[in-house]
Amino acid sequence: MIRVRFHGRGGHGVKTAARILGTAAFLAGRHVQDSPIYGAERRGAPVAAFARISDEPILERGVIDRPDLIVVADETLFRDDPATVLAGQQYAAGIFVNCSDPQRFRGQIAPTIRSIAFDITAANLAKLGRPSALSAGLGAAAARLISLVGEDQLVQATREELAEIGVAEETIERNVEVAREVFASLPPLDFPRLEESVSRERNANVVYDGPVRGAPSIRHAGNAALRRTGAWRLERPTVDREICTRCGLCFVQCPDGAIALDGEGYPIIDYDHCKGCLICQHVCPMAAIQAQTEVAAW
Ligand code: SF4
Ligand code: SF4
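Model, not experiment: these values are computed from the prediction.

Attention now moves to the overall build of the protein chain. Helix and strand content of the protein chain: 11 helices and 10 strands. The buried share of the protein chain, taken over its 298 residues, is 51%. Considering only contacts within the protein chain whose residues lie at least 6 apart along the sequence, 71% involve residues at least 24 apart. When the accessible area of the protein chain is evaluated, it comes to approximately 13,300 Å², of which 50% is carbon and sulfur surface.

So, in structure tokens, the structure goes:
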């Protein structure tokens, strides 16, 4: 059995990435299982998803604590809780990180296992004009690295899974372009042969591990001020004071209380805690708030 564990944030599309991988493997004639686990149901909150692929019926359940491959959608997760993201790394043949600067990652965070990096965010920006919803690229990275899935199966799975969640046809085709680019750019990893892996791990594991894997940094009540949710941000809101009329709507509507008003009534954003939901941008009647892509929100 090959076990793939995805780590990302709400908005990255790791659940759909696991679905794409699972469906592609199913189309390739394998037995598959995929599932997500959430903590806080908020954009930017840590999320994990799992995919198991086997040539035999899959009896194992629960979170994957001994992954063959770890796929990370956002390198800032290493800062939040590296122990969770790297749990079971000693079993893994490799770790993939979506990263704008592979040198920043390679050899530093997980020096004992093979690391592979590719800038899926840049591919998304080029083909879709947005840094989030990386499911096609993440699914393609996993599919390529485990080399149990062909490009045609990956493309069909990407189309099916994105259509199922209501993505428009034109956007699906752009996602397919991202998937093809990622698939063509990565080398297959050297995994143990599937048959050998199945005979090694035949027993069922039904332990349920709770939401810790999904939300590694939210475990106690009353911790909002302590948690620097700025690391969750995919996009950074900025206020144009030339346009702002100081109406205060953004200050009132920010769900995290991350906006204060200065002595003149202009909004000041607390970037340690702004998680980038962009509700402030949405409610601003003057379009005075812009959003810029974060590369590393910390
Ligand atoms: S400042 Fe804006 S983007 Fe940040 S948490 Fe508040 S509403 Fe969301
Ligand atoms: S909602 Fe817009 S105009 Fe009103 S205070 Fe905020 S930034 Fe300024």
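And the narrative resumes.
Tracing the backbone shows lysine 275 in the loop between strand 9 (267-269) and helix 11 (279-283). Exposure remark for lysine 275: the relative accessible area of 5% places this residue in the buried category. A polar atom in the side chain of lysine 275 sits 2.8 Å from the side chain of aspartate 256.

Side chains Ser115 and Ala117 project from strand 6 (residues 115-118) onto one buried face, and the interleaved Ile116 and Phe118 project onto a second face that is buried too. Bridge count between strand 5 (residues 94-98) and strand 6: four bridges; the pairing is parallel. Its bridge partner lying in strand 6, asparagine 98 is registered against phenylalanine 118.

Surrounding ligand 2, one finds 13 residues, the nearest of these being Cys244, Cys247, Gly248, Cys250 and Cys284. Taken together, the residues of the shell around ligand 2 sort by class into 10 nonpolar, two polar and one charged.

As a further point, take unusual backbone geometry. Unusually for a residue other than glycine, serine 147 sits at a positive phi of about 50°. By relative accessible area, which is 39% here, serine 147 ends up partly exposed. Unlike most non-glycine residues, alanine 287 shows phi in positive territory, near 50°. Within the secondary structure, alanine 287 sits in the loop between helix 11 and strand 10 (289-293).

For the rest of this paragraph, the subject is the packing of helix 6 (residues 135-146) against helix 8 (residues 169-185). For the pair helix 6 and helix 8, interaxial distance at closest approach is 8 Å and the crossing angle is 30°. Between helix 6 and helix 8, the angle falls in the class roughly parallel. Both helix 6 and helix 8 take part in a crossing whose hand is right-handed. Where helix 6 abuts helix 8, its residues Ala136, Gly137, Ala140, Ala141, Ala143 and Arg144 lie against Asn175, Val178, Ala179, Val182 and Phe183. The class makeup of the residues in the contact of helix 6 with helix 8 is eight nonpolar, two polar and one charged.

Looking now at the packing of aromatic side chains. Counted under the stated rule, the structure contains zero aromatic pairs. Sitting above the plane of the phenylalanine 183 ring, arginine 144 keeps its charged end 5.3 Å from the centroid. Sitting over the face of the ring of tyrosine 271, arginine 236 holds its NZ or CZ atom 4.2 Å from the ring centroid.

Definitions and limits used
Residues numbered from 1 in each chain as written. Chains lettered and ligands numbered in written order. Predicted model: local features only at pLDDT ≥ 70, side-chain atom pairs only at ≥ 80, totals over all residues. Heavy atoms only, no water. Helix = DSSP H or I, 4+ residues; strand = E, 2+ residues; numbered from the N terminus. Buried < 20%, exposed > 50% of the residue type's maximum accessible area, 1.4 Å probe, protein only. Contact = heavy atoms within 4.5 Å. Areas by Shrake-Rupley, 256 points an atom, 1.4 Å probe, with all protein chains shown as cover. Polar contact = N/O pair within 3.5 Å; in protein donor to acceptor, adjacent residues only side chain to side chain. Pairing = 2+ DSSP bridges. Near = heavy atom within 4 Å. Nonpolar A, V, L, I, M, F, W, Y, C, P; charged D, E, K, R; others polar. Axes fitted to C-alpha atoms, helices over the stretch in contact; angles between N-to-C directions. Parallel < 35°, antiparallel > 145°, perpendicular 65-115°, else oblique. Left-handed = near helix turned anticlockwise from the far one by under 90°. Phe/Tyr/Trp six-rings, centres within 6.5 Å; stacked < 30°, edge-to-face > 60°. Lys NZ or Arg CZ within 6 Å of the ring centre and 35° of its normal.

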